[in-house]
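Residue-level structure breakdown
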Amino acid sequence: MQTKIVEINEQNLKLAVDLLLDGELIGMPTETVYGLAGVGTNPNAVKNIFKVKGRPSDNPLIAHVHKDYDISKICIVEQDYVKKLIDAFLPGPLTMVFKSNGVVCSEALAGGDTVAIRVPSHEGCQKLLKAIDMPLVAPSANLSKHVSPVTSQHVFDDLNGKIPLILEGGKCFGGIESTVLDVTCSTPRILRLGLVTQEMIKQVVGACDIAEHKESDKVKSPGVKYHHYMPNCETALFDFEDFDKALELYDDYLANGKTPYILCDGVLADKLNGRNLLNLGYDEKEIASNLYMRLRDGEEKADIIIAVLENKNTGIYDGIFNRLTKACKKVK
Ligand code: TXA
Ligand code: MG
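Here the residue numbers are simple positions, counted from 1 along each chain's written sequence. Naming scheme: in the order in which they are written, chains are lettered from A and ligands are numbered from 1. In keeping with the model being predicted, local features are shown solely for residues with a pLDDT of at least 70 and side-chain atom pairs are shown and tallied solely at 80 or more, while totals for entire chains, interfaces and linings include all residues. Calculated side-chain values reflect all of the structure's heavy atoms, with hydrogen atoms and water omitted.

1. A few points about unusual backbone geometry
For the peptide bond that leads from Leu90 to Pro91, omega is -5 degrees, which places it in the cis range. Positioned with a positive phi, Ala110 is a non-glycine residue whose angle comes to about 50 degrees. Each helix is a run of H or I in the DSSP string that is no shorter than four residues. Each strand is a run of E no shorter than two, and both are numbered from the N terminus. For Ala110, the position within the fold is in the loop between strand E6 (94-100) and strand E7 (114-118). Assessed through its relative accessible area of 29%, Ala110 is described here as partly exposed. One non-glycine residue, Lys145, lies in positive phi territory at about 80 degrees. Partly exposed describes any residue whose relative accessible area lies between the buried limit of under 20% and the exposed limit of over 50%, with all areas from a 1.4 Å probe on protein chains only and scaled to the type maximum. The exposure class assigned to Lys145 is partly exposed, which follows from its relative accessible area of 46%.

2. Some thoughts on the site of ligand 1
In this text, near means that some heavy atom of the residue lies within 4 Å of the molecule or strand in question. Taken together, 26 residues lie around ligand 1, and Thr32, Asn59, His64, Arg118 and Ser178 are the ones closest in. At 2.6 Å from an oxygen atom of ligand 1 is found a side-chain nitrogen or oxygen belonging to Thr32. In protein, a polar contact requires one atom able to donate a hydrogen and another able to accept it; more generally it is a pair of N or O atoms within 3.5 Å, and residues adjacent in sequence count only if both atoms are side-chain atoms. For ligand 1, an oxygen atom lies 2.7 Å from a polar atom in the side chain of His64. Secondary-structure elements contributing two or more residues to the shell around ligand 1 are strand E4 (62-64), E7 and strand E11 (189-192). Counting residues per element, the shell around ligand 1 draws most heavily on E7, at three residues.

3. Quick word on the packing of helix H1 (residues 10-21) against helix H4 (residues 123-132)
Running from N to C, H1 and H4 cross one another at 55 degrees; their axes reach a closest spacing of 10 Å. On the basis of the axis angle, H1 is oblique to H4. Here H1 runs over H4; the crossing is right-handed. In contact with Leu13, Ala16, Val17, Leu20 and Leu21 of H1, H4 contributes Lys127, Leu128, Ala131 and Ile132. Under this grouping Gly is polar, as are all residues other than the nonpolar Ala, Val, Leu, Ile, Met, Phe, Trp, Tyr, Cys and Pro and the charged Asp, Glu, Lys and Arg. Of the residues contributing to the contact of H1 with H4, the split by class is eight nonpolar, no polar and one charged. Here, axes are lines fitted to C-alpha atoms. For helices the fit covers the stretch in contact, and angles between N-to-C directions go from 0 to 180 degrees. Here roughly perpendicular refers to angles of 65 to 115 degrees, roughly parallel to angles under 35, roughly antiparallel to angles over 145, and oblique to all remaining angles. Less than a right angle of anticlockwise turn of the near helix away from the far helix marks a crossing as left-handed, whereas a clockwise turn marks it as right-handed. In this description, contact between two residues means that some pair of their heavy atoms is separated by no more than 4.5 Å.

Take a look at the structure:
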């Protein structure tokens with residue numbers, strides 16, 4: 001199969017819809033990362049998503065719908081605060097987990113009784129969802145465990161030959177995946193950290209918990225238990241205080257004829273001028289937006305990515321570190 005990358009216009013949207021209705025999968029841009037989309041009511045398409053990605057079948061998928069879609073067609077809304085969350089954050093990078101009404105097929109829900117629903121704000125994605133007017137289930141369009149894709153080329157690099165079409169939506173500006181929020185209980189609970197933070201949700205609803213994932217727990221958002229986001233090269237993540245050790249490792253690699261790169265924020269990058277750098281930028285949103293891009297750049301040219309980043313403990317930094325600690329081997 002040849003994988004084509006095409007711009008989003010009327011003709012290509014029609015092509016995408018026809019392919020999807022035939023049970024095929026396509027690469028779909030969103031504002032967070034690219035998704036690997038299939039029709040959520042078609043069990044064969046959904047099974048194929050797991051196969052193409054190499055994803056464990058116990059990890060459920062998010063159903064994506066357009067902004068005027070009536071979500072009560074696919075879920076049961078139990079909590080009154082949901083309306084406030086929709087008004088405040090959708091369309092945007094917030095996924096909510098509801099009781100399913102059985103419309104999205106059970107393969108997509110990994111056999112569970114809840115369905116995760118997301119309304120992406122990416123304009124091209126909205127056009128596709130409007131054109132098909134059905135829930136499209138989509139995990140990130142990377143091979144399982146690899147760094148999530150933020151350009152159409154990243155999707156191509158991982159899935160070339162496995163899917164017929166990728167819609168070109170430019171670089172994803174959000175850069176890390178949506179916040180996943182359980183809204184089946186009286187207090188909403190964050191299952192995966194993202195750009196919509198606990199503070200932001202608290203301001204709207206009054207309260208918001210963060211699920212703690214311990215090794216022994218029966219995990220409520222199964223995706224969080226797996227290794228993720230790993231570049232195809234060596235990695236080392238240092239505490240910010242151990243910055244000197246990171247530089248020592250960098251020098252060791254250089255001395256051995258290898259090519260190390262340092263992944264860091266703009267402030268540190270300015271100080272380290274002259275070394276091989278993967279500069280994440282200055283503020284938290286910019287850093288989130290660049291994270292996967294730089295990890296993918298890094299794996300192309302580095303023998304090792306040495307990450308040193310200060311956690312400023314804002315909600316967004318927590319989301320960034322959640323990804324970074326899974327992507328890179330922590331040096332103690
Ligand atoms: O930003 C995003 O969310 C991207 C774009 C493509 O929309 N999608 C994405 O999908 O990150 P994926 O499959 O890579 O991650 C989905 C996460 C996983 O951690 C999964 O366990 C969780 O959402 N999830 C999905 N359905 C769930 C459910 N019913 N209950 C709890 N967690 C669920
Ligand atoms: Mg993923």
